[in-house]
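A look at the structure
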Amino acid sequence: MSSHSVSATRRVLHNAPLLDAINGKTPTRTPVWFMRQAGRSLPEYKKVREGIGMLDSCFMPELLAEITLQPVRRHDVDAAILFSDIVVPLRAAGVAVEIVPGRGPVLDAPIRTREDVSNLPILDVDVPEVAAGIGIILKELNEQQALIGFAGAPFTLASYLVEGGPSKNHEKTKAMMHGDPETWHALMQRLVPTIVNFLKVQIDAGIDAMQLFDSWAGFLTERDYTEFVLPYSTEILQEIEQYAIPRIHFGVGTGEILGAMSRAGSEVMGVDWRVPLDKAAERIAAVSGPKVLQGNLDPALLFAGTDPLTREVARIKAEAATAIAAGNATGHIFNLGHGVLPNTVAEDITEAISIIHA
Ligand code: CP3
């Protein structure tokens, strides 16, 4: 693994609501950002991406910076999320992967055997295009706006690698886990340095916080999560601890495994919309003590109109307040329970953000 030093030029943010909420201070307003806030919901995104492949765009510093900043300008969110993808570090390492529009990441050669695992390249170099893009973004953000970097967690990345593409049931992945556990553990172990390195590239370039996306972890039982996934996500978050930037850990449909996931060691737990935040906080606090909550508006509510949206936002804020009052959480970052749906109307997102801020 290559070594990186902590950026000497890290910004010092003042009254940034997102960081204040994480650090136990009272934020000036409810911090909010939306997963997938950049991308297809924005006409200005479609315009700048015209004729450029999704993964290619992630390696173009000016373009990735522009796309990252678009939702910040339009919606007045409290954080930018780096425009990238969970397969970017794999592409940077030399894995033949493409993102097929409407489908997701697809691999030329899926990873199925011990030999495939041994031949999987490891990312052990800088990713200068991503670092340069982060540099541009940081010049444009003000002191209240945080930049969140991210990486895919090893389970979610492994699912794409083993299945060869997006999967509804993750059956090949689970078959390897149970049928050939040695190969499974070798694959997870091999992904760790690539993910850590990709996060260090972003930290070195100056990101203010990071999120580990274990999007598909909710497909696992708690037992399987604990045995086959948790040690590796824990290792990654432990490696990042020395840089003292906030760590957010999120997956979809993880209600049953929130306690187990909280053991991986993040400051913030992302919660999908299926679990009320006060219930989620009880599950987290029972295992790891109180943490900051992030979530958890159903992305479909952005299609429902002002009144239902306002009611749901109030409910979620009240549930977060209940969790904090009960000592089961130490703060709340508002977000969706998963990403913005591609057909969402941009103006409806802006309205939601202003309702959340009100
Ligand atoms: O605004 C943001 O949240 C930042 C951008 C972001 C993208 N991918 C851009 C993207 C983030 C955080 C990701 C992470 C990612 N990629 C995850 C974890 C987050 C989650 O949604 O759970 C996952 C599972 C992927 C894999 C992936 N990449 C999928 C399933 C898709 C969708 C395929 C499709 O076309 O429906 C992608 C492609 C992708 N990543 C797009 C964007 C904006 C859409 C492609 C395009 O615009 O051409």
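Residues numbered from 1 in each chain as written. Predicted model: local features only at pLDDT ≥ 70, side-chain atom pairs only at ≥ 80, totals over all residues. Heavy atoms only, no water.

The next point concerns the overall build of the protein chain. Secondary structure summary: the protein chain contains 16 helices and nine strands in total. Taking 358 residues into account, the globule formula puts the C-alpha radius of gyration at 21 Å, and the protein chain, at 19 Å, falls close to it. Across the 358 residues that make up the protein chain, the buried fraction comes to 57%. A sequence separation of at least 24 residues applies to 77% of the contacts in the protein chain between residues at least 6 apart. Accessible area for the protein chain stands at about 14000 Å²; split by element, carbon and sulfur atoms hold 51% of it. (Helix = DSSP H or I, 4+ residues; strand = E, 2+ residues; numbered from the N terminus. Rg over C-alpha atoms; globule rule 2.2 N^0.38 Å. Buried < 20%, exposed > 50% of the residue type's maximum accessible area, 1.4 Å probe, protein only. Contact = heavy atoms within 4.5 Å. Areas by Shrake-Rupley, 256 points an atom, 1.4 Å probe, with all protein chains shown as cover.)

The strand order β1-β4-β5-β6-β7-β8-β9 describes an open sheet built from seven strands, whose pairing is parallel. Of all the strands in the sheet, the pair left with one neighbour each is β1 (79-81) and β9 (329-336). Each neighbouring strand pair of the sheet contributes to a mean axis angle of 25 degrees, computed without reference to strand direction. In terms of strand pairing, strand β5 (residues 209-213) meets strand β6 (residues 247-250) through four bridges, oriented parallel. Paired with F213 across the strands is F250, a residue of β6. Its contacts with the sheet place helix α10 (residues 181-205) against β4 (146-152) and β5, and it is angled at close to 165 degrees to β4. Strand contacts of helix α12 (residues 230-241): β5 and β6, with the helix running at about 165 degrees to β6, the strand carrying the most contacts. (Pairing = 2+ DSSP bridges. Axes fitted to C-alpha atoms, helices over the stretch in contact; angles between N-to-C directions.)

This brings us to the UniProt feature "binding site: substrate" (unreviewed entry) in the protein chain. Under the feature "binding site: substrate" (unreviewed entry), the UniProt entry names R36, Q37, A38, G39, R40, D85, Y160, S215 and H338. The greatest C-alpha distance among the annotated residues, which extend across 303 residues, is 22.7 Å, indicating that they are dispersed rather than converging on a single site. Residue placement: R40 occurs in the loop between α1 (17-22) and α2 (43-49). You can call R40 partly exposed: its relative accessible area is 43%. With sequence-adjacent residues up to four places away left out, R40 is seen in contact with Y45, K46, G102 and P342. Residues in contact with S215, not counting those within four places in the same chain, are T156, F250, G251 and V252. (UniProt positions renumbered as here; feature names shortened; annotations may be inferred.)

Further remarks concern the environment of E256. Take E256: it is sitting in the loop between β6 and α13 (258-262). Judged by its relative accessible area of 68%, E256 is exposed. Along the chain, E256 and F219 lie 37 residues apart, while their C-alpha atoms are 9.9 Å from each other. Look past the residues within four positions of E256 in its chain and what remains in contact with it is E222 and R283.

Here, the residues flagged by UniProt with the feature "domain: Uroporphyrinogen decarboxylase (URO-D)" (unreviewed entry) are residues 31-40 and 148-164. This span, residues 148-164, is 59% helix and 29% strand, and a straight line between its end C-alpha atoms measures 28 Å.

With that out of the way, let us pick up the packing of helix α7 (residues 128-140) against α10. Contact pair α7 / α10: the axes reach a minimum separation of 9 Å and the direction vectors enclose 35 degrees. Note that α7 runs across α10; the crossing there is right-handed. Each of V130, A131, I134 and L138 in α7 lies in contact with α10, whose residues at this interface are F198, V201, Q202 and A205. Considered class by class, the residues forming the contact of α7 with α10 number seven nonpolar, one polar and no charged. (Left-handed = near helix turned anticlockwise from the far one by under 90°. Nonpolar A, V, L, I, M, F, W, Y, C, P; charged D, E, K, R; others polar.)

Of all hydrophobic cores here, the largest spans 129 residues; its most connected members are L18, F34, L187, L191 and Y225. When residues in this core are grouped by element, the largest group, 13 residues, is from α10. (Core = buried A, V, L, I, M, F, W, Y, C linked by side-chain atoms within 4.5 Å.)

Turning our eyes to something else, we now look at the pattern of salt bridges. One pass over the structure, following the stated rule, counts 14 salt bridges. A salt bridge links R29 to D78, with the nearest nitrogen and oxygen atoms 2.8 Å apart. Taken together, the positions of R29 in the loop between α1 and α2 and D78 in the loop between α4 (61-75) and β1 put the pair 49 residues apart, joining distant regions of the chain. By relative accessible area, which is 25% here, R29 ends up partly exposed. Across the pair E239 and K200 runs a salt bridge, and its minimum N-O distance is 3.5 Å. Highlighted residues: E239 in helix α12 and K200 in helix α10, separated in sequence by 39 residues. Relative accessible area serves as the criterion here: at 28%, E239 is assigned to the partly exposed category. (Salt bridge = Lys/Arg side-chain N within 4 Å of Asp/Glu carboxyl O.)

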